[in-house]
Protein chains: 2
Amino acid sequence: MEREYASSPLDSAVNELARLPGIGRKTALRLALYLLRQDEMQSLQLGEAIIKLRKEVKYCRICHNISEQEVCEICSNPSRDSSIICVVENVKDVINIENTRSHNGLYHVLGGLISPMDGIGPGDIEIDSLASRVAQGGIKEVILALSATMEGDTTAFYIFRRLASADVKVSVIARGVQVGNELEYTDELTLGRSIMNRTPFNDTFSPK
Amino acid sequence: MEREYASSPLDSAVNELARLPGIGRKTALRLALYLLRQDEMQSLQLGEAIIKLRKEVKYCRICHNISEQEVCEICSNPSRDSSIICVVENVKDVINIENTRSHNGLYHVLGGLISPMDGIGPGDIEIDSLASRVAQGGIKEVILALSATMEGDTTAFYIFRRLASADVKVSVIARGVQVGNELEYTDELTLGRSIMNRTPFNDTFSPK
């Protein structure tokens, strides 16, 4: 599809934009024509931000979250509880959990989930480094905050067994009826779990 | 919203991406994290394509379409009928009309429509240059291919009167029932127009 729009800079911009997920050729063309109508500064800033993004973003040596320094702001923050590690699949999960403000411990970003179908084994994600962190001591609890999918469950089981010999409590985030969802439309598996894992009324409803 | 994601390169990439139309902060974050997972080359190519886009795209001196040269490929193509000019609002309209392969003449890109509400008058768009092109002679027909909106109609009327003294046929693209649309759901104005502007059966249905 070369030289489609009578201008090779436009062509290559459209081609590159269309490689992004969820952006088709029509949207890519719309975005490119939008940039052409805007001030040159905007394209310059966007282009440079994208180039810098991949060049300059580093990953925390300890938790593998994105970071500007060798150790990220969360790991180096003395007011966070360093005895609790929340294990997540990716960087976005860290952002989402941080936004809930319900976790004041540290994180460990696996960078994926065990998925034999996709050829991803335990050695391909950051499980060894998690085990080392726990082995170093000082960790009381590891919270597994993984997707409620087969891959998430597989990974959780693997980590649970891997940490079995360590003196650490391993917990899993609660599964149950989604807040705002009607019981009628909740699937049986979730409903069953939510009954099994019921909590004292006061834990859920009492104002703290 | 500074320093939201614990990494300033990520922050600025998200901020810049979120300035694009139709891309909110959530999508911008998704795109940025996607780029972080890809090969560094992809971010480099995307960033450079965006910077080059605004720097290198030129506009045709004659028709104001985007172009690599001073005169665009359509204007300089000897096999196109230079006696017919199709007047459009923007570059995207040229691409769309070219894709229909039903116009073999030249174009004239106005770069907008007259819109008193937005403070855009006839002097703000490329109407003077259209009048000069027509005054230079050799033009038999000017096709107004503008939106069927108040702004499009205003602009069409203005151009029609502006070219009234010139020896040129001014035509307007047909309005009527959209191909594929049911009559029941066609608005009255369009339906009325489509009856007024009815065409001989053979013109529409005979295989050429």
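Everything discussed here concerns the structure shown above.
Please read all numbers here as calculations on a predicted model, not as lab measurements. (Residues numbered from 1 in each chain as written. Chains lettered and ligands numbered in written order. Predicted model: local features only at pLDDT ≥ 70, side-chain atom pairs only at ≥ 80, totals over all residues. Heavy atoms only, no water.)

Engineer: I would appreciate a short explanation of helix 3 (residues 40-56) of chain B in the present structure.
Structural biologist: One turn of the α-helix equals 3.6 residues, which is why residues spaced by three or four share an orientation. When the terminal C-alpha atoms of helix 3 of chain B are compared, their 24 Å separation across 17 residues agrees well with the 24 Å that a helix rising 1.5 Å per residue should span. Every buried residue of helix 3 of chain B is accounted for by B:Gln42, B:Ser43, B:Leu46, B:Gly47, B:Ala49, B:Ile50, B:Ile51 and B:Leu53. Where helix 3 of chain B is buried, its residues meet helix 1 (8-17), helix 2 (25-37) and helix 3 (40-56) of chain A together with helix 2 (25-37) of chain B. Between a side-chain oxygen at the N-terminus of helix 3 of chain B and the backbone nitrogen of B:Met41 the separation is 3.1 Å; the capping residue is B:Asp39. (Helix = DSSP H or I, 4+ residues; strand = E, 2+ residues; numbered from the N terminus. Expected span 1.5 Å × (residues − 1). Buried < 20%, exposed > 50% of the residue type's maximum accessible area, 1.4 Å probe, protein only. Contact = heavy atoms within 4.5 Å. Polar contact = N/O pair within 3.5 Å; in protein donor to acceptor, adjacent residues only side chain to side chain.)

Engineer: Please clarify how empty space enclosed by the protein should be interpreted in this entry.
Structural biologist: Empty space among the atoms becomes visible once a probe the size of a water molecule is rolled across them. Residues and elements named next belong to chain A. As enumerated under the stated definition, the model contains one cavity of 30 Å³ or more in all. Size it by volume and the largest cavity reaches roughly 30 Å³. As for the largest cavity, its lining consists of Leu144, Leu146, Ser147, Gly152, Asp153, Ala156, Val172 and Arg175. For the lining of the largest cavity, the element with the highest residue contribution is helix 6 (residues 150-162), accounting for three residues. Of the residues assigned to the lining of the largest cavity, the class counts are four nonpolar, two polar and two charged. (1 Å grid on protein atoms, 1.4 Å probe; cavity = no way out; pocket = protein on both sides within 12 Å on 5 of 7 lines; lining within 4 Å. Points joined across faces, edges and corners; volume = space filled by probe spheres on them. Nonpolar A, V, L, I, M, F, W, Y, C, P; charged D, E, K, R; others polar.)

Engineer: Could you clarify how one ought to interpret the pairing of strand 6 (residues 169-172) of chain A in this entry?
Structural biologist: The side chains of a regular strand alternate, residue by residue, between the two faces of the sheet. Residues and elements named next belong to chain A. Pairing between strand 5 (residues 141-144) and strand 6: four bridges, direction parallel. Within strand 6, the residue paired with isoleucine 143 across the bridge is serine 171. For the crossover that starts at strand 5, traverses helix 6 and ends in the parallel strand 6, the hand is right-handed. (Pairing = 2+ DSSP bridges. Right-handed = clockwise from strand over helix to strand, strands pointing away.)

Engineer: Which parts of the structure should I look at to understand the sheet that holds strand 6 (residues 169-172) of chain B?
Structural biologist: Within a sheet, adjacent strands bond to each other through the backbone by hydrogen bonds, running parallel or antiparallel. Residues and elements named next belong to chain B. Judged by pairing direction, the sheet is parallel, and its four strands sit side by side in the order 4-3-5-6 without closing on themselves. Here the strands that pair on one side only, and so sit at the sheet edges, are strand 4 (105-109) and strand 6. Looking at each pair of strands side by side, their axes are set apart by 25 degrees on average, direction ignored. Where strand 3 (residues 81-88) and strand 5 (residues 141-144) come together, four bridges link them in parallel fashion. Directly across from valine 87, in strand 5, lies its bridge partner leucine 144. Strands strand 3 and strand 4 of the sheet are contacted by helix 4 (residues 91-100), whose axis makes an angle of about 160 degrees with strand 4. In the packing of helix 5 (residues 127-135) onto the sheet, the strands contacted are strand 3, strand 4 and strand 5, and the crossing angle to strand 4 comes to about 150 degrees. (Axes fitted to C-alpha atoms, helices over the stretch in contact; angles between N-to-C directions.)

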